[in-house]
Amino acid sequence: MTTPKSPSAPEPAARARSGRRAVVASMVGTTVEYYDFLVYGVAASLVFGKLFFPQVDPAAGVLLSLSTFAIAFVMRPIGAAIFGNLGDRVGRKRVLFLTMMLMGVGTFAIGLLPTYHTIGILAPILLVLCRLVQGLALGGEQAGGFVMSVESSGDKRRGLAGAFVNSGAGWGLLLANLLFLVLNELPGDAFLTWGWRIPFLLSAVLVLVGLYIRVKLDESPEFVRVENAQAVKRVPLADAVKRGWRPMILVMLCCLGTHVNFYVVTVYSLTYGTSVLHQPKTTLLSMLLIVTAMYMFSTPLFGLLADRFGRKQVFVVSAIALVLTPFAFYPLLGSGSYLPMVAGFVLLFMAVSANSAAEPTFFALAFPPSIRYSALAVSYGLGAVLGGSFAPLISAALFKSSGSWTTVAIYNGGAALISVVAGLLLRELPRLSTKTSTAQSGSSAQAV
């Protein structure tokens, strides 16, 4: 049992500064995560097959390199279990510092790896190990950022705090896209020989900023209250599964709509647009840049609406929109005209933005503080795997088998329909007074 602490109550201004610092630190973590997502995905598609798997034919090399990309998704639930349990045991601050450091080590190390031509079979083995480290860290990073930001913010701005953290996805994708636009101008084989390393090495800047901010963080006030109440669980994850399995399943299902549609827009749309619609890749990338910039600013705005009208209401309404918008997205994309195509991207991504804005606070507050990190990390990690990792592959297979975008839209909308039902069943726990919450923070986690 952790020794209870008795800190003096901070002044309102100091508490507000601490809350803002926690939100920014968590947002930087999300930025690094999605920056890494795009950087690694592009490198795996373009160069890793040639550099780390040259002993096989080029097509097989690309498939092998993309399989290392998928490893991170598989490792996320494992990392969620490890770091979520640890976060409920020793505190959010320490674990978030550790996950950020591991993310940085894994990404920076990839930029330094020797290739197959230098060290042979050891090169792809080291690449996989680096990706394993990244996946483990990511499993505890995003959910931990949600918990830390929500718990460190005032009741009236919790929706905004969680939404701001998720807006980091837009910043990460934008930074990576802009960097690749610059690297695309490198002469000859420069990108293949050394240019691909730059995005991985530059990630150290983002990580160092994140670590600097996290060193100065105060511990989450709600976790401190759990400690003071001597309510820290011996094995929080076991207690979460035992007492909170119903809301954990619902959170996992709630994730499907956003993750399926997010990865369809950011990944599958490029394949569909170039191979089926025969649009230039630069045209599609320009549209993605537009909606990415929109996402960065619209997500916090939807967070404000969630605080005004309720996180559950915004989540459910936006999930309903995700049921319908795929049936407009594909026809608009198939129009061949730039403005209608942009409108299709904006329409679908606005629904994704609203849904992801409500997620962090809505999900976090479905669990009591004593098991919140464990329960949210595992359920969110499993939802990301089920929704995100297979979405582009399933979409491509459905189109190939049917030859029609309708089957893909049904899959996209169907995933969102599951989220609608789960969102209606999930509820936030009632807000308790400080005295009551310290006494009951380890009590039942049933949220439905």
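Here, every reference points to the structure presented above.
Residues numbered from 1 in each chain as written. Predicted model: local features only at pLDDT ≥ 70, side-chain atom pairs only at ≥ 80, totals over all residues. Heavy atoms only, no water.

A.B. asks: Talk me through helix 17 (residues 405–425); I want residue IDs and the actual numbers.
C.D. replies: If you check helix 17, its first and last C-alpha atoms are 31 Å apart, about what 21 residues at 1.5 Å a residue would give, namely 30 Å. Every buried residue belonging to helix 17 is among V408, A409, Y411, N412, G413, A415, A416, S419, V420, A422 and G423, and all of these are buried. Along its buried surface, helix 17 packs onto helix 10 (236–276), helix 12 (311–324), helix 13 (326–333), helix 14 (338–364) and helix 16 (391–402). The N-terminus of helix 17 is capped by S404, whose side-chain oxygen sits 3.1 Å from the backbone nitrogen of T406. (Helix = DSSP H or I, 4+ residues; strand = E, 2+ residues; numbered from the N terminus. Expected span 1.5 Å × (residues − 1). Buried < 20%, exposed > 50% of the residue type's maximum accessible area, 1.4 Å probe, protein only. Contact = heavy atoms within 4.5 Å. Polar contact = N/O pair within 3.5 Å; in protein donor to acceptor, adjacent residues only side chain to side chain.)

A.B. asks: Account for the nonpolar core, with residues named and values stated.
C.D. replies: Note that soluble globular proteins tend to have their nonpolar side chains buried in a common cluster. Membership of the largest hydrophobic core comes to 115 residues, with the highest contact counts inside it found for F48, F52, W196, F363 and L376. Beyond its immediate sequence surroundings of up to four residues, W196 is in contact with V47, F48, L51, F52, I110, L113 and F191. (Core = buried A, V, L, I, M, F, W, Y, C linked by side-chain atoms within 4.5 Å.)

A.B. asks: If you had to explain the packing of helix 10 against helix 16 to someone new, which residues and values would you point to?
C.D. replies: Close contact between helix 10 and helix 16 brings their axes to 8 Å; oriented N to C, the two are set at 45°. As far as their axial angle goes, helix 16 and helix 10 are oblique. Relative to helix 16, helix 10 is oriented so that their crossing is right-handed. On helix 16, the residues touching V260, Y263, V264, V267, Y268, Y272 and V276 of helix 10 are A391, P392, S395, A396 and F399. The residue makeup of the contact of helix 10 with helix 16, split by class, is 11 nonpolar, one polar and no charged. (Axes fitted to C-alpha atoms, helices over the stretch in contact; angles between N-to-C directions. Parallel < 35°, antiparallel > 145°, perpendicular 65-115°, else oblique. Left-handed = near helix turned anticlockwise from the far one by under 90°. Nonpolar A, V, L, I, M, F, W, Y, C, P; charged D, E, K, R; others polar.)

A.B. asks: Just give me the short version of the packing of helix 6 (residues 158–183) against helix 11 (residues 281–309), but keep the residues and values in it.
C.D. replies: At a minimum axis separation of 7 Å, helix 6 and helix 11 run at an interaxial angle of 170°. The angle between helix 6 and helix 11 falls in the class roughly antiparallel.

A.B. asks: Which residues make up the packing of aromatic side chains, and what are the values?
C.D. replies: Throughout the structure, instances matching the rule amount to 26 aromatic pairs. On the numbers, 5.0 Å between centres and 75° between planes, the contact of F329 with Y330 is edge-to-face. The interplanar angle of 15° and the centroid separation of 6.2 Å between the aromatic rings of Y330 and W405 together place this pair among those described as stacked. Here Y330 is found in helix 13, whereas its partner W405 is found in helix 17, with 75 residues between them in sequence. (Phe/Tyr/Trp six-rings, centres within 6.5 Å; stacked < 30°, edge-to-face > 60°.)

A.B. asks: Account for helix 15 (residues 372–389), with residues named and values stated.
C.D. replies: Residues three or four positions apart in an α-helix share a direction because the helix packs 3.6 residues into each turn. An ideal rise of 1.5 Å per residue puts 26 Å on 18 residues; helix 15 measures up with 24 Å between its terminal C-alpha atoms. Summarising burial for helix 15: 15 of the 18 residues are buried, a large majority.

A.B. asks: Now, about a nonpolar patch on the surface: what can you tell me, with residues and values included?
C.D. replies: On the surface, a nonpolar cluster with roughly 420 Å² of combined accessible area is contributed by I119, I121, L122, I125 and L129. Here L122 lies in helix 5 (residues 122–151). (Patch = residues over 30% accessible without salt bridge, like charges linked within 9 Å, V, L, I, M, F, W, Y side chains within 5 Å. Areas by Shrake-Rupley, 256 points an atom, 1.4 Å probe, with all protein chains shown as cover. Salt bridge = Lys/Arg side-chain N within 4 Å of Asp/Glu carboxyl O.)

A.B. asks: If you had to explain the environment of W245 to someone new, which residues and values would you point to?
C.D. replies: Looking at the secondary structure, you find W245 in helix 10. In this structure the C-alpha to C-alpha distance between W245 and A375, which are 130 residues apart in sequence, comes to 8.3 Å.

A.B. asks: So what's going on with the pattern of salt bridges? Which residues, and what values?
C.D. replies: Taken as a whole and judged by the stated rule, the model has 11 salt bridges. Of the charged contacts, one joins E141 and R214 as a salt bridge, the two residues approaching to 2.6 Å between their closest N and O atoms. With E141 in helix 5 and R214 in helix 8 (residues 197–215), this residue pair connects regions lying 73 residues apart in the sequence. In this structure, E141 and R214 share a single accessibility class: buried. If you follow the salt bridges from partner to partner, you end up with D88, R92, E151, R158, E222 and R372 in one network.

A.B. asks: Run through unusual backbone geometry, naming residues and quoting values.
C.D. replies: A positive phi is found at Q230, a non-glycine position, where the angle reads about 55°. By the element assignment, Q230 lies in the loop between helix 9 (221–228) and helix 10. Here the phi dihedral of H278 falls at roughly 60°; this positive angle occurs in a residue that is not glycine. Mapped onto the fold, H278 is located in the loop between helix 10 and helix 11. Given a relative accessible area of 64%, H278 falls into the exposed group.

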